[in-house]
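Letter by letter, the chains look like this.
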Amino acid sequence: MKLLYYSPSSYGGLADYAHEQANALANLGIEVTFMCTPNYPKNRGELYQTLPVLQDDLNQKQSNKVIKVVRHINTTVSNYQTLAKTITTQDFNAVLLGSYAEYFAPIWAGNLKKLAQAGVVFGAIVHDPVRDFVLGPPWWHRWSIAAAYSFLTHAFVHEPIELDTGRFTPQLQTTVIPHGIYQFPQATLSQQSAREALGIPPDARVMLAFGHIRDGKNLDLVLQAMAQFSDLYLLVAGKEQSSGQRPVICYQKLAEKLNVAERCRWHVRFIPEREVGNFFVASDLVLLTYSEAFRSASGVLNATVNYRKPCLASSGESVLKSVVEKYQLGIWVFPDSVEAIVNGLNRWMNADFHSKWDQYIAENSWPLNAKLVLSKFNQLPIKE
């Protein structure tokens, strides 16, 4: 089979997921062509062929919101036009979208629907199955959701769910696939050496907030909860999210107001893979305190597995909640609540964890992910 993989994200969780999944599919003998942007990182062991023809929506700072929105629309529509052209000119009959997104779909979905009617099989990874972020009036939002599902034959999700597809889509099949584990190098420092380098006392209890810093991770609530403990330290490692999110300075000022600033360590930057292990080995607990609006899998959890650190997690009903509880990977608490975080921290301090790391790794692998995806494409009628 010749598979076209569409991945317009250059960096972050979606790009990492796409890389691992495409590699796993190629490892099964599939000829995978990976559509990406020129900024997508190469030379990390990819088994697929890259096709860097997509535009990068860099979310550059733009004071004029209208210009910013217009630029985003143009980039999105242009990329889907490039996808349709590539399918036609290179005669692909199987296409996998690295993520599902409905934004501006009534503008761009028509060409892809025509290709689907001509026999091209489309699938998409639905990372965020509950599409409750409304862009524009409600009628446009509903139309957009329906248009983005209209040409799909397969939706791949990480948790059993009845998808809201906007309108009746009899051709769509939904398949649950696991979220694989992200591999990172082992730490180069011992816990004592890592803490010494970070200026953290060797006997402290250390919480790690890793990855993009954004509002939905409830870092402000963590700081408020932290104020009720005298020996808790917070280690923050990751880049600021795009504009529209609270900047790190807001959290730092809150830490000062709560008199916990001296127990916070801020490493606000992209963390290279070679350094990741040292942040995890320096910590005791990984924070995954997402808001109720989060109903997806967590890439940070699937990095945490490398270092077998328990987590304190919150979210809406999601695969994150399911796997934390099923495999006893940490403590899940009610989302968006300082009191719940405080109670969770107290439970963590007195817990005796028996996490099922090996079972989690065995049941949530990229090879299994790829085999399930491939099996669905193989059973579908593909155009001659």
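What counts, and where the lines are drawn
Each chain carries its own residue numbering, running from 1 in the direction its sequence is written. Under the rules for a predicted model, residues below a pLDDT of 70 receive no local features and side-chain atom pairs below 80 are neither given nor counted, while totals for whole chains, interfaces and linings still include all residues. Hydrogen atoms and water are omitted, and side-chain values are computed over all heavy atoms in the structure. Helix and strand assignments follow DSSP, with helices taken as H or I runs no shorter than four residues and strands as E runs no shorter than two, numbered in order from the N terminus. Burial here depends on accessible area, computed with a 1.4 Å probe over protein chains only, as a share of the maximum for the residue type. Under 20% is buried, over 50% is exposed, and the range in between is partly exposed. Here, two residues are considered to be in contact whenever any of their heavy atoms come within 4.5 Å of each other. Here the aromatic set is Phe, Tyr and Trp, taking the six-membered ring for Trp, and pairing holds for ring centres within 6.5 Å; pairs whose planes are under 30 degrees apart are stacked, those over 60 apart are edge-to-face, and all others are tilted. We call a charge positioned over a ring when the NZ of a Lys or the CZ of an Arg lies within 6 Å of the ring centre and within 35 degrees of the ring normal. When DSSP finds at least two bridges between two strands, those strands are taken to pair. Seen with its strands pointing away from the viewer, a crossover is right-handed if its path from the first strand over the helix to the second goes clockwise. In the cavity and pocket records, a cavity denotes points on a 1 Å grid over the protein atoms alone where a 1.4 Å probe fits but cannot get out, a pocket denotes an open set with protein on both sides within 12 Å along at least 5 of 7 lines, and lining residues are residues with an atom within 4 Å of a point. Grid points are joined across faces, edges and corners, and a volume is the space filled by probe spheres set on the points. Take a side-chain nitrogen of Lys or Arg and a carboxyl oxygen of Asp or Glu: if they are within 4 Å of each other, that pair is a salt bridge.

A. Representation of the environment of S99 in the model. Within the secondary structure, S99 is located in the loop between strand 4 (94-97) and helix 3 (105-117). Accessibility expressed as a relative area gives 22% for S99, which makes it partly exposed. Filtering out sequence-adjacent residues up to four positions away, S99 remains in contact with L14, I125 and H127.

B. Up close: the packing of aromatic side chains. Tallied over the entire structure, the rule returns 18 aromatic pairs. Ring plane angle 85° and centroid distance 6.1 Å describe the contact between W139 and W140, whose orientation is recorded as edge-to-face. With relative accessibility at 56%, the residue W139 sits in the exposed group. In this structure, K2 is placed above the aromatic ring of F92, and the distance from its NZ or CZ to the ring centre is 4.6 Å. R205 extends its terminal NZ or CZ atom over the ring of W348, reaching a point 5.9 Å from the ring centre.

C. Up close: the pairing of strand 12 (residues 311-314). In strand 12, alternate side chains face the same way, and those of C311 and A313 on one face and L312 and S314 on the other are all buried. As paired strands, strand 12 and strand 13 (residues 330-332) are joined by three bridges and run parallel to one another. Pairing of L312 across the sheet is with I331, part of strand 13. You can see the chain leave strand 12, run along helix 10 (residues 319-326) and come back into strand 13, and the turn it takes is right-handed.

D. The arrangement of the pairing of strand 4 in detail. The alternating pattern of strand 4 places A94 and L96 on one face and V95 and L97 on the opposite face, and all of these are buried. Of the pairings in the sheet, the one linking strand 1 (residues 2-6) to strand 4 comprises three bridges and is parallel in character. Its bridge partner being in strand 4, Y6 is matched across the sheet by L97. Summarising the sheet, strand 4 and strand 5 (residues 121-125) pair through four bridges and their orientation is parallel. Its bridge partner lying in strand 5, A94 is registered against V121. Between strand 4 and its parallel partner strand 5, the chain crosses via helix 3, and the hand of that crossover is right-handed.

E. Seen up close, the layout of surface pockets. Its boundaries defined by the atoms lining it, the second largest pocket holds a volume of some 240 Å³. H158, E159, V319, V323 and N364 are the residues nearest the centre of the second largest pocket, which is lined by 20 residues in total. Looking at the lining of the second largest pocket, the elements with two or more residues in it are helix 9 (301-304), helix 10 and helix 12 (357-363). Residue contributions to the lining of the second largest pocket peak at five residues, all from helix 10.

F. Highlighting the pattern of salt bridges. If you walk through the whole model with that rule in mind, you get eleven salt bridges. The residue R131 makes a salt bridge to E102 at a minimum N-O spacing of 2.8 Å. Of this pair, R131 sits in the loop between strand 5 and helix 4 (138-149) while E102 sits in the loop between strand 4 and helix 3, and the two are 29 residues apart along the sequence. Comparing R131 with E102, the two get one shared label, buried. A salt bridge links R269 to E275; its shortest N-O distance comes to 2.8 Å. Overall, the relative accessible area of 31% leaves R269 in the partly exposed class. When its relative accessible area of 22% is taken as the criterion, E275 is described as partly exposed. Sharing partners across several salt bridges, the network here consists of D215, D220 and R246.

The values reported here are purely geometric and, on their own, carry no functional implication.
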